[in-house]
Amino acid sequence: MSSTPPTPGPKLLDERSLSGIFVHFLAIPTGIVGAGLLYLLATDEFTKRNARNALDWHLTVLLLTAISFGSLFTYAELTGQGITDVSVLPSSVSTVAGIGISALLTLWFAVTVWTFAVGFIAMVKAIFGTAWRYPFSLALVERFESHVTLPGGWPLIIFGYVVLSPLVIWAVFFASTTDIVSILSAFGLVALILVLTPLTVVGMYLHSKRDWLQGDAQQPSVLVHVGVPILVAAIGYAVSLGFTQSIYPQGDAMYVFLATFWISTIVYLIRWRMRSSK
């Protein structure tokens, strides 16, 4: 008697990818940064579609966040509760505006909580091979991607990092200590660390892959351009922890990394220009 061969089980990674599955989980804490960077790096269509869906949702959340907190800041300024301490709104208008701001903030909080739910739902859907579109998300990437062009491409992003990075660090340490300048400096530092630096790393990687010829002896290793600053930052952390009285060695290591990576981006641009001039 011949036995019936067992039915093969589902092949999880056929026509799908781990990055396409886990991009939704990654995007929950990292927002547009994680989803956007994976979208830029993706070569697999399944990953690309899932990253685009996650990016559209987190861009929608970011837009709602900007509207909600921008409205709150404006309301505070116009009612004398902000930096200027000057009230220009009548009490009746202020009351109605306060109700509207409360509704916006409630919606923002609900959407923030909802992000966890839809992120996990999208991840489960991706496991079963579906690039699920988040409900109520705006199709921002699909609608505007083809209309967005960047003269100069990735080298301009890298050059922007070279210019902006020292300006932000200067503002943090040496700019005026007024409230508004301190707030802007803090936001600039967060954007530098969480957005511009990762974007520059991606830019160096994609630019080196697309601009340098494969097999070119002068082709840069992005791993070196990023790894050396990380190594120097680790040494800086050890020195700060063991030989100084610093109360925040992690912060010292972060600034060491930013300074070293800034030099690394300059080296990258010089190598690229020297190659282009040959």
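Residues numbered from 1 in each chain as written. Predicted model: local features only at pLDDT ≥ 70, side-chain atom pairs only at ≥ 80, totals over all residues. Heavy atoms only, no water.

1. Looking at helix α6 (residues 154-174)
Phase 1: The first and last C-alpha atoms of α6 sit 30 Å apart over 21 residues, in line with the 30 Å expected at 1.5 Å per residue.
Phase 2: Along its length, α6 shows its largest kink, about 25°, at Leu 164, and proline Pro 166 lies within four residues downstream of that point.
Phase 3: Among the residues making up α6, those that are buried are Trp 154, Pro 155, Ile 157, Ile 158, Gly 160, Tyr 161, Val 162, Ser 165 and Val 168. (Helix = DSSP H or I, 4+ residues; strand = E, 2+ residues; numbered from the N terminus. Expected span 1.5 Å × (residues − 1). Bend = angle between axes of the 7 residues up to and from the residue. Buried < 20%, exposed > 50% of the residue type's maximum accessible area, 1.4 Å probe, protein only.)

2. Some points on a nonpolar patch on the surface
Phase 1: On the surface, Leu 18, Phe 22, Phe 25, Phe 116 and Phe 120 cluster together into a nonpolar patch covering about 510 Å² of accessible area.
Phase 2: Mapped onto the nonpolar patch, the elements with two or more residues apiece are α1 (18-30) and α4 (91-127).
Phase 3: Looking at the nonpolar patch element by element, the count peaks at 3 residues for α1.
Phase 4: Looking at the secondary structure, you find Phe 25 in helix α1.
Phase 5: The exposure class assigned to Phe 25 is partly exposed, which follows from its relative accessible area of 44%. (Patch = residues over 30% accessible without salt bridge, like charges linked within 9 Å, V, L, I, M, F, W, Y side chains within 5 Å. Areas by Shrake-Rupley, 256 points an atom, 1.4 Å probe, with all protein chains shown as cover. Salt bridge = Lys/Arg side-chain N within 4 Å of Asp/Glu carboxyl O.)

3. A look at the layout of surface pockets
Phase 1: Size it by volume and the second largest pocket reaches roughly 360 Å³.
Phase 2: As for the second largest pocket, its lining consists of 15 residues, and the residues nearest its centre are Ile 28, Gly 31, Ile 32, His 58 and Val 61.
Phase 3: Within the residue set of the lining of the second largest pocket, elements represented by two or more residues are α1, α2 (32-41), α3 (45-78) and α4.
Phase 4: The class makeup of the residues in the lining of the second largest pocket is 9 nonpolar, 6 polar and no charged. (1 Å grid on protein atoms, 1.4 Å probe; cavity = no way out; pocket = protein on both sides within 12 Å on 5 of 7 lines; lining within 4 Å. Points joined across faces, edges and corners; volume = space filled by probe spheres on them. Nonpolar A, V, L, I, M, F, W, Y, C, P; charged D, E, K, R; others polar.)

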